[in-house]
Structures are given as C-alpha cells and as structure tokens.
Amino acid sequence: MKAIGKSVSRKDGIGKATGGAKYADDITFPGMIHGRTIRSTIPCGRVKSIKYDFDTTGFTICDYRDVPSKNIVDLIEKDQPFLVETEVKHMAEPIVLLAHEDKEKLHAAKVIIEYEEETPVFDPEKSTLSFKDIDIIKGDVAKALASADVIVEGTYRTGHQEHVYIETNGLIAVPEEGGYALYGSLQCPFYVIKALRCLMGSAHPNIRVIQTETGGGFGGKEEYPSMIAGHALMLAHKSGRPVKIIYDRVEDMIATTKRHPAIVKHRTGLKKDGTLVAMDIEVILDGGAYVTLTPTVLSRGCIHAAGPYRCDNVRIRGHGMFTNTPPNGAFRGFGAPQTEFAVEVHMERIAEQLKLDPVELRRKNALRAGDLTATGQTLREDTSALMVLDEAVRRTDFSRKRKEYKGTNRAIGLALFFHGAGFTGAGERNLKSKARIDLTETGVRIAVGSTEIGQGTRTMHAQIVTEALGIPYETVEVAQPDTSRVADSGPTVASRTCMVVGKILEECAEEMKEKLGGMSPADYFKKNGPLSIERMYEPPDWIIWDDKTYLGDAYATYGWGCDVIELELDPYTFEVKPIKMTAVQEFGRPIHPALARGQIEGGTAQGLGYALLENVVMRNGVMANAQLTNYVIPTTLDMPELDIVMMENPYPGGPFGAKGLGELPMDGPGPAVVNALRQLGCDVREIPATPEHIASCPKMNGSYA
Amino acid sequence: MSELDLRRASSVDEALTIMRDEGRTPIAGATDLYVAAQFGTLVPRKLLDIWKLKELRTIGTAADGQTLVIGALSTYTDLMQSAVVQDRLPMLVTAARLVGGVQIQNRGTIGGNIVNGSPAGDTLPVFAAADAVVVLRSLRGERRVPFNEFYAGYRKTVIKPDELLIAVETPSIDGIQAFRKVGTRAAQAISKIAMAAVRDPKRPRIAFGSLAATVVRVPKTEAALASGNSIDEAAAVLEAEINPIDDVRSTAVYRKRVAVNLLRWFWKETAPA
Ligand SMILES: Cc1cc2nc3c(=O)[nH]c(=O)nc-3n(C[C@H](O)[C@H](O)[C@H](O)COP(=O)(O)OP(=O)(O)OC[C@H]3O[C@@H](n4cnc5c(N)ncnc54)[C@H](O)[C@@H]3O)c2cc1C
C-alpha cells in the first residue's frame, strides 16, 4: 500500500465536515456543573480580603486552601500557583474558583477582592529579574569587530501575538471509579498529568487525561490547559461532581498565554564585500510574571538569532525577563520568528548601507553543508539555504521587479530563514518518547499521546504506518489520546510530531511487519491474539550538545525557507495590501502534500497577521483589545495570492526523509514584509507594522500623497 | 443569555402600540443587539421583532420626484441592489459594500445602524454629508429630524422609547459623491476613520465617522472649500478643526493625518477635468 506522498483522506475529515466531532463544550456528563475563575484586577500587589457578595448556597467555592497537595503548576520551574495565596503578580491571575449548575447564577455571582497595590514592572528592559540567561560564544567577536571594514547596528522589536485558535480553551473534570478523568482541548496530555499529580499528591494516583477534538492550538494549548485542568479538578474534587470550565473569547485572550514580545539588538562587522565577520546579538524576551516556558523559548530564539548565515565570530546573549503581565508562552515558532525577524531586517539594512544587492549579500553568507552554525554545529547534506533562495529569486523575477518598482507605491521584499526541527539539543534524548502500535481484529491501532489539533497528526501517522506495514490505509486506526491507554510520545510541539514520533512509529511498524511474517494483521490476530509493539526514540548518535556552553548540535536537522512578498502601500492611509506571496520551503519531504501545503498557507497567513495586523494593546498589564472585533487577524481578503513551493532534501533520520514543518512558515512573512516596506522609504524596525506605525516612520511625515 | 422575552409585530401600527403599552425595544436585523447581549451590555430583555414589517423595507422617491426615501429595514444588500440608490446616492452603495461580510449585509439594516449610533457606523457619514432627514413615528404622531441633529452624544440619539425610525429621506444631491472607509483590515472591519463627501460646486460637504463621539461634519473646512481656497489651505483648516480620539483601534495622530489625506484624495479624484 503506497500512502506516503499522497493526499489521502483525513482520518478526522468526516467528523469535522459533518459536525459529528465532539469538542469539549459539546460534551456533558450527568450531574455536571460549570466552573468560573475569579481573577485579579491589579497587576501587582497582595490580596487583603475576599468577600462573597452573593447567596453561596448551591455553589462550590475553592481558594488556595482547597489545594489537596501542592499549589504549583509543575512545568520547568515550580513558581506558578494554581490559585493566588496572597501575592498577585499579574492581571487576570486566578484567585478563586466558583461552580454552579446554573450558568446565569454562576456569572451573576459577585466576589469582591480588596488589594494592597504595589508598583508593577511592565518594561522588560527595566526589569531586574531574569528567568534565564544564555550566552553563546563562537570565536572572538570583540577582536573581529575591531578589524571589520564596516559595523552596522540596529534594534528590532516584535509585539505580543495572540493565538486565536478557533476553539477557546475548555476542560472537564469528571470523578470516576477510584479517581478522575480530565477531558479537554489540549496539545500535551502528559504535561497536564504531570501538573495534576503535583496538585493532587500521591493520595490520588488514578488520574487520566483525555484529549477531546481540539479546534487549533498553535502552542496556545501547550502549557495553559494544565492550569485550567487543575481548576476543574479542584472543583470536581470538592463538589464530587463533573465540572466543566470553558473560557469565552475575552477570558481566553486576557488570561492565557501569548507570543513573547522581543527586543533584539544587533552589532555586525563586515568586510566591504559583505562577508560577515562578527555578529554580536542580544535578545531580550518579555517573559511575563512566571517562568513557564520562557527558558526554552529564549533558547530557541537565541539559537536562531544569527539567521541562516555563516560567521566565524558570533556572540548571542539572551535574557528572559520578568514583568507583571500574564506569562507569555509557546507559540508556533517558539522564539525564532522574533529573532529571525530581527536578523533578516538587519541583513536588509546591511545591504542598503553597503550598497550591495540583498540577494548577493545573502548568497555570500548563507549556510552551506559543512559550515558551522552559531552553536558550532557542522551542517550536513540536508542544508538548503541556497536552494530555496535561488528558487524564490528565480520564480519571482526578484531583481528585475525590485528595479522596476522603484519610485512606485509597489515593492518586493524577501526573507531567508531556517527552523530547527524537534526539541533543542539533548531535549529529545532526555524526553525518551515512546510510541506503540496495537494489533486489532481488523488491522492496527496507533497509540500515541501526540494530538490532532487540526494539523493532520492522525492522518500523517496513519500514512507512515500504512506504508511501513504495507497494509490498507483504511485498516489503520488512531486511538484517542488517553494517558491511561497510549504511549507517552512527548508533547505535540516543536515540529516534532512527524519527524520524531513518526520515526518511532515507522520503526514500530517495521518490527511488527517482521513479527507478522507475511500474514495480514487480521489473520495474525485471529491465530495468535493481541500483539503490541512499543519503541522508544533514539536520536541520531552523532548529536552532541552541551547545555552549559550552549554549544553543539542544536537540532538534528533544519527546514529552510525563502519568502518573497509583493505589496502596495496606500499613500493616503498607509494601509499595506499584500499582492503576492511566494513561499519556497524545504522540509525534507511532504508525507501528505495537501496537509503540508495547508501548513504553509496557514503559517504564512499567521505570519502576515503578525507582520501587519495583530496588535495586542496592553493597558495596565492586560490586553485591552481582547475581542475578535479589535484584535484582528487576516481574512481571505487580507491575503495575497499564494505561490507555495515545496522543495525536497530528505533528512535520513526522519520517516521517509521528512523533517519538521509546522513552525517554519511562521518565520518568514514578518521580515519579508518589512524588507519590502523599506523599499518604499519606510524605515520600519518593528512589527506589527500597522498603518499607525508606518505613518510615524521617518520619511513618512508630511503628506506623502 | 438564556432568556429573551420576545414579541413579533405584523404591522407598524401594532408595533407602535406594543412599544407604547409594553415598553419593548425594537430589534431589526439584531446584528448589533446580539453582540451587546453576548457582552452583557444589553439591558432591555423585553424585545419586539420588527424584521417582518415589509412597509419599512421599501426604497423609492417621494411625491416630489426628488427626495430619495429609504425604509428603515432596508438591508445593505437591498441598498447595493437598488437602481435608484445607485443613481441618487452612490456613496451609500460604496459604504454598504464595505460593511461586514455577506451575512451582515443580508441582515443588517440602516435603521439599526443609525439608531445603534456607534460613531463607527458606516452609513452615518453618508447621511450626514447628504443632509438627510430621519422620519420618526410613534402613536403620538410623526416628526422629521435633520440627520445632523439626530445625535446628542456618544451613542445618544433624540429618538424616544416609543418611536420607530421609519425611513431616511435624502434630498437630491448635486456634484460627485465619494466614500472611503479605513478599517482595521480588508473585510469584517470596524472603521478607524470613514469619510463621505459631496463635491457640490456651491456647497461642498464633508463628514467623518470614527473621529469623535458622534459622526461629524466639518463646517469650517467646507466653508474654506466653498470659498475657493486651495486644497492646501482647506487641509490646514481641517487639521485645526478636528480633534480625533485615541482608542484601542487607532491613534489620534493617525486619524488626523489620514482625515487630511482623505480630503486631499477626494479633492484630487473629483477635480473637474
Ligand atoms: C460581524 C459584524 C460586522 C459588522 N460590520 C459592520 C461594518 O462594517 N460597518 C458598520 O457600520 N456596522 C457593522 N456591524 C454592525 C451592525 O451590523 C450594523 O450597525 C447594522 O446596520 C445594525 O442593524 P440591525 O438591523 O442588525 O440592528 P439591530 O441589532 O436590530 O438594532 C440595533 C439598535 O437599533 C435599534 N433599532 C433598529 N431598528 C430600529 C428602528 N427601525 N427604529 C428604532 N430603533 C431601531 C434597536 O433597538 C437597537 O438598539 C457589524 C456587526 C457584526 C456583528
């Protein structure tokens, strides 16, 4: 059965198309009540008193004293509480939980909280507390800068970004025989289990987490569902009844995570001909009020901060700073869109300053197989920076158009980028991910904790198993992720679900094939009964990484991309109209071309939103435009014509040569757009480049029209 | 919102009687009202559905053959499809095309847009620039209020609780009309600034939405244009005349800049050959 490289029908297609698929809010349990979170209305201070200004009969109420074991959302650090004890560190921080069977009564309930306010910190550059510092050193930057012909400096900024998954967060906690089941919209069921074990302690060992059909995540359902699950579970534990908590859009936007805002400073030394000789980079991320995932976001951001370029002398310093705002977290790209925005806009400014062709500048410095990255990793044959750059430039007729558009209100811009697939450094080795395939009466069932969040996990995994086992695609089932029943294949993040989990599944299938000895799964099952194959991930043995020095093989492989955008600037309103986007991306090999194309189209749209529209307005430490009316993401009419080009350069360690793809498309649109705007005389160094921001740029003053 | 107390009227007279006797709030397309209900800002729970009142959905000319009369329940789709609106008030057709998406265009009405009174309502600058008159009726009788006197403040109108907006009347217009919306994105967008303008040779009229608490006309700028001042002079007058707002959607600085640019755009685009 050939399945790889074919756009087979989605495993979740019919359910979603017919409305049969059940999302968290579609599910009810007998006796279920609804939960609500009472949150802080100050960004910094202490709780003085809490008053329940309503008739509390029939209500279940929890505060921190109801925590069965530890009031800690267990993630990288153990600093974030499920419920505030006294100290409030950000707006919308959970303080009290209420539950009632009548939603109207629940929402009418008034809780009055008095605070003692303290002065908050909102500016990460003024913050004195760093959650994580990184210092990557290659060669001798100071010396190389001293001998450079030219030095170019610049500071670049990126804003918050909200995920806007179509389904808001939602969890249901259900008491069941001997324990609890948690159903919900989430990316990482085993992260939730870890957090709940810490919350409930050893007295409550029987907890399982089941992922319900999930309407998008983009990283936004990586860590925060652990918090909501804890809340639902506390209320269920106290009331003895199933408790459902569904956030509406406003609550979801003000309370849950966003992309980390970044400030990136570059100081670059070059030879006159444009050869990079030194890159001194500082990355500052606004982490928000708790550590959550900031160290790992900072890590990926720093590793990508020098862009897809070779340079012998590089220093990258990173700081993940505390501020009194809701914690920022995982978001498609995980730090790289921020730092790659900075380096690509900086490269464009270098080309301008040195009067070099921007394509030639990139070609001269682009990483090639055999080159060393900023962390000292030697790149292998699956390095495609030049390939994607040349193809993008060729098919868009970039150089001719750049000249042709001079003096008009149309412009063309490009960005070259890369994205490491899988966990950073020793991450995959430490994770020890497992995957399992079970024989069924009719075929096989895949049992992994990797979640389908719209990107096609089930379909793509089934294709890999189909191909490796040589059985019909229709006979491969995919189990609903239930932590009591599936193997812990690690979180569904970091563009690792195809490349890493898919690889373990491929190996499981090969082993199973051998066991079947030529029999069909059904025949084997009839004759010998059940059979399960579980295997653990073995990263390539050549990967060497030092977490202290940040040197070594940061990622087993990288995807490569070059985006070229043509756009128009309205001279009266400063509105930008994207006309055409060419996205040339190499990610090993597409397992499912239609789904892969969908990832690039969607990621490009999300990247264009990040570049032009999506502006989180923070006031007093909280999102002030927390509605879809005022936080705008692109509609179809905001999207340009798309030319999506999928190039191949197989990675031997991935299933059938595949690398990771999910995050790659997010890295290019921001810098490509801003580099085009530069052609129009607009010195933009931050995104979102809203019309308001463009209008305020130097050279845009006076009536432009 | 779990409970709504809803009645439906089958004629304007019945609607007016119910409004007087039961103090119900009318709902037309409900596209504004349901958003308010969702955000918990909807106070009245006793509603009267007037959607089916065909009498209020007519578009035509008055007995004088000049005045354009648009029924309050006319939807944006109705406006776009109406030959007489296309002919007499093309700037309203342009505005209608830029409202929401197809669903809102099929359901949203001009009566709702006007009475809801958001300063970002896209038809408001059109009626302001057109010197329109709104027709209000209750069991006490009918009255006509110039559109430019209809708003008393932010989302405040002079309509009484027992009155229905019946129609909008627009006198015939001399000169080229224009409408420009600057939204937060290409579609499904709230205006950050909108301009409707008429290049009447004797009496040029300019109105802006989303600039202040209500839709505004700019009489000083209009006078500058009427007296034959250069566009640069008129632009300077406009800059001094307006005092835009800052909000989560845009900034005062941008709004002022773009208002002036839109005026320049209008003047350039409509310049006599
Ligand atoms: C997704 C979306 C997009 C939108 N986009 C736009 C846009 O681009 N531009 C824009 O201007 N608006 C937009 N709107 C707002 C809204 O659709 C318009 O204002 C619409 O014209 C309201 O008309 P309605 O008939 O639905 O009003 P309703 O919601 O039915 O009523 C609104 C108010 O008017 C009163 N009312 C209605 N009719 C009468 C009457 N005849 N007499 C007395 N009182 C009356 C009601 O009591 C209520 O207070 C959008 C709304 C949504 C949900």
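Section: the site of the ligand
Residues and elements named next belong to chain B.
Next up, step 1: Looking at the ligand, there are 33 residues lining it, with P26, T31, D32, Y76 and T109 nearest.
Next up, step 2: Here P26 contributes a backbone N or O atom positioned 2.5 Å from an oxygen atom of the ligand.
Next up, step 3: For the shell around the ligand, the secondary-structure elements that each account for two or more residues are β2 (25-27), α2 (33-38), α7 (110-116) and β10 (164-170).
Next up, step 4: Considering every element that reaches the shell around the ligand, the biggest residue donor is α7, with five residues.

A word on the side chain of B:R24
Residue and element names in this part refer to chain B.
Next up, step 1: On the secondary structure map, R24 appears in the loop between α1 (12-22) and β2.
Next up, step 2: Classification of R24 as buried rests on a relative accessible area of 6%.
Next up, step 3: At 3.0 Å, the side chain of R24 and the side chain of D5 are in polar contact.

Remarks on the interface of chain A and chain B
A common way to express how large an interface is: the accessible area buried when the components associate.
Next up, step 1: Tallying the contact residues gives 29 residues for chain A and 26 residues for chain B.
Next up, step 2: Roughly 2200 Å² of surface becomes buried between chain A and chain B when both sides are summed, with 53% attributable to carbon and sulfur atoms.
Next up, step 3: Inspection of the region where chain A meets chain B yields two salt bridges.
Next up, step 4: Close ionic contact of A:D570 with B:R180 constitutes a salt bridge, the shortest N to O distance being 2.7 Å.
Next up, step 5: In this assembly, chain A and chain B are joined by 10 residue pairs in polar contact (both at pLDDT 80 or more).
Next up, step 6: The class makeup of the residues in the side of chain A that touches chain B is 14 nonpolar, nine polar and six charged.

A few points about the sheet that holds β10(B)
Residue and element names in this part refer to chain B.
Next up, step 1: Here we have five strands laid out as an open sheet, ordered β4-β5-β10-β6-β7, and antiparallel in their pairing. If you trace the sheet from one side to the other, it starts and ends with β4 (59-61) and β7 (141-146), each paired once. For this sheet the average axis-to-axis angle between neighbouring strands, irrespective of direction, equals 25 degrees.
Next up, step 2: With three bridges connecting them, β4 and strand β5 (residues 68-71) associate as antiparallel partners. Looking at the pairing, T61 lines up with L68 of β5.

Quick look at the domain arrangement of chain A
Residue and element names in this part refer to chain A.
Next up, step 1: Partitioning chain A into structural domains gives domain 1 (13-21 + 432-536), domain 2 (31-120 + 163-255) and domain 3 (262-424 + 550-696).
Next up, step 2: A separation of 35 Å is found between the C-alpha centroids of domain 2 and domain 3.
Next up, step 3: Between domain 2 and domain 3, roughly 2400 Å² of surface is buried when both sides are summed, and carbon and sulfur atoms account for 68% of that area.
Next up, step 4: At the junction of domain 2 and domain 3, the tally comes to zero salt bridges.
Next up, step 5: Our enumeration of links across domain 2 and domain 3 arrives at seven residue pairs in polar contact (both at pLDDT 80 or more).
Next up, step 6: A total of five residues in the side of domain 2 that touches domain 3 trace back to one element, the largest contributor, which is helix α6 (residues 249-255).
Next up, step 7: Partitioning the side of domain 2 that touches domain 3 into residue classes produces 14 nonpolar, five polar and seven charged.

Details of the packing of aromatic side chains
Next up, step 1: Within this structure, the stated rule accounts for 14 aromatic pairs over all chains.
Next up, step 2: When the centroid spacing of 6.1 Å and the interplanar angle of 85 degrees are considered together, the rings of A:F131 and A:F322 count as edge-to-face. Taken together, the positions of A:F131 in strand β7 (residues 130-138) and A:F322 in strand β15 (residues 314-322) put the pair 191 residues apart, joining distant regions of the chain.
Next up, step 3: Judged by relative accessible area, A:F322 falls into the buried class, the value being 12%.
Next up, step 4: An aromatic cluster of three or more residues is present, and its members are A:F418, A:Y555, A:Y558 and A:W560.
Next up, step 5: One Lys or Arg, B:R107, reaches over the ring of B:W51 and ends 4.0 Å from the middle of that ring.

Structural notes on the packing of helix α8 (residues 336-354) of chain A against helix α9 (residues 358-365) of chain A
All names here are of chain A.
Next up, step 1: In contact at an axis separation of 9 Å, α8 and α9 are set at 115 degrees when each is read in the N-to-C sense. α8 and α9 meet at a crossing whose hand is right-handed. Note on element contacts: α9 touches α8 through P358, L361, R362 and N365, opposite E344, M347, E348, I350 and A351.

Some points on the pairing of β10(B)
Residues and elements named next belong to chain B.
Next up, step 1: Burial analysis of β10 places seven of its seven residues in the buried class, the great majority of the element.
Next up, step 2: When β5 meets β10, the two strands line up antiparallel, connected through four bridges. By the bridge assignment for β10, L68 is matched with T170.
Next up, step 3: Pairing analysis gives five bridges linking strand β6 (residues 133-138) to β10, with the strands arranged antiparallel. Along β10, the bridge assignment pairs V133 with E169.

Focus: the sheet that holds strand β11 (residues 176-183) of chain B
Next up, step 1: Taken in spatial order, the four strands make up an open sheet running β11-β12-β13-β14 (chain B), and their pairing is antiparallel. Since the sheet does not close on itself, it has two edges, and those belong to β11 and β14 (216-217) of chain B, each with one partner.

Description of the pairing of strand β12 (residues 191-199) of chain B
All names here are of chain B.
Next up, step 1: Burial runs high along β12: nine of the nine residues are buried.
Next up, step 2: Bridge count for β11 against β12 is eight bridges, and the pairing is antiparallel. Bridge pairing in β12 places K181 opposite A194.
Next up, step 3: Turn length for the β12-strand β13 (residues 205-209) hairpin, with the two strands adjacent in sequence and antiparallel, is five residues.

Examining the environment of A:G201
Next up, step 1: Here A:G201 lies in the loop between α4 (189-200) and β11 (207-211).
Next up, step 2: Through-space distance from the C-alpha of A:G201 to that of A:M91 is 28 Å; in sequence the pair is 110 residues apart.

So, helix α15 (residues 521-528) of chain A
Residue and element names in this part refer to chain A.
Next up, step 1: Those residues of α15 that fall on the buried side of the exposure criterion are P521, Y524 and F525. End-on view of α15: buried residues confined to an arc of 100 degrees, all on one side of the axis. Facing away from the buried side of α15, by more than 90 degrees, are the exposed residues K526 and K527.
Next up, step 2: Taken together, the buried residues of α15 touch β17 (434-439), β18 (444-447) and α14 (497-516).
Next up, step 3: Looking one or two residues past α15, G529 carries a phi angle of roughly 80 degrees, positive in sign.

Quick look at the confidence of the model for chain B
When pLDDT is low, close inspection of the predicted coordinates is not appropriate.
Next up, step 1: Within chain B, residue pLDDT values average 95, and 97% of them lie at 70 or more.
Next up, step 2: With a pTM of 0.97, the predicted complex shows an ipTM of 0.95.

Section: the pattern of salt bridges
Next up, step 1: Evaluated as defined, the whole model comprises 71 salt bridges over all chains.
Next up, step 2: One salt bridge in this structure joins A:E511 and A:K515, with 3.7 Å as the shortest N-O distance. On the criterion of helical spacing, the pair formed by A:E511 and A:K515 is a turn pair, its members being four residues apart in helix α14.
Next up, step 3: A:E511 sits in the partly exposed class, given a relative accessible area of 25%.
Next up, step 4: Here A:K515 falls in the partly exposed class, since its relative accessible area comes to 43%.
Next up, step 5: When the shortest N-O distance is used, the salt bridge between B:D200 and B:R205 registers 3.2 Å.

Observations concerning the domain arrangement of chain B
All names here are of chain B.
Next up, step 1: Taken domain by domain, chain B consists of domain 1 (5-48), domain 2 (55-170) and domain 3 (176-269).
Next up, step 2: Distance between the C-alpha centres of domain 2 and domain 3: 21 Å.
Next up, step 3: Listed per partner, the contact involves 26 residues of domain 2 and 22 residues of domain 3.
Next up, step 4: Surface buried jointly by domain 2 and domain 3 totals about 1800 Å² across both partners, of which 60% is contributed by carbon and sulfur atoms.
Next up, step 5: Taken together, the connections running from domain 2 to domain 3 amount to four salt bridges.
Next up, step 6: Across the salt bridge formed by D131 and R217, the nearest N and O atoms sit 2.9 Å from each other.
Next up, step 7: If you look at where domain 2 meets domain 3, you find 13 residue pairs in polar contact (both at pLDDT 80 or more).

Here we look at unusual backbone geometry
All names here are of chain A.
Next up, step 1: Look at the link from I687 to P688: it is a cis peptide, with omega at 5 degrees.
Next up, step 2: Looking at the secondary structure, you find P688 in the loop between β28 (686-687) and α18 (691-695).
Next up, step 3: Even without glycine at this site, V164 takes up a positive phi of about 50 degrees.
Next up, step 4: Residue classification places V164 among the buried residues on the basis of a relative accessible area of 11%.
Next up, step 5: Although it is not a glycine, Y550 sits at a positive phi angle of roughly 60 degrees.

About the thresholds
- Residues numbered from 1 in each chain as written.
- Chains lettered and ligands numbered in written order.
- Predicted model: local features only at pLDDT ≥ 70, side-chain atom pairs only at ≥ 80, totals over all residues.
- Heavy atoms only, no water.
- Near = heavy atom within 4 Å.
- Polar contact = N/O pair within 3.5 Å; in protein donor to acceptor, adjacent residues only side chain to side chain.
- Helix = DSSP H or I, 4+ residues; strand = E, 2+ residues; numbered from the N terminus.
- Buried < 20%, exposed > 50% of the residue type's maximum accessible area, 1.4 Å probe, protein only.
- Contact = heavy atoms within 4.5 Å.
- Buried area = accessible area lost by both parts, 1.4 Å probe.
- Salt bridge = Lys/Arg side-chain N within 4 Å of Asp/Glu carboxyl O.
- Nonpolar A, V, L, I, M, F, W, Y, C, P; charged D, E, K, R; others polar.
- Pairing = 2+ DSSP bridges.
- Axes fitted to C-alpha atoms, helices over the stretch in contact; angles between N-to-C directions.
- Domains from an automatic or database assignment.
- Phe/Tyr/Trp six-rings, centres within 6.5 Å; stacked < 30°, edge-to-face > 60°.
- Lys NZ or Arg CZ within 6 Å of the ring centre and 35° of its normal.
- Left-handed = near helix turned anticlockwise from the far one by under 90°.
- Arc of directions from axis to C-beta.
- pLDDT = per-residue confidence, 0-100.

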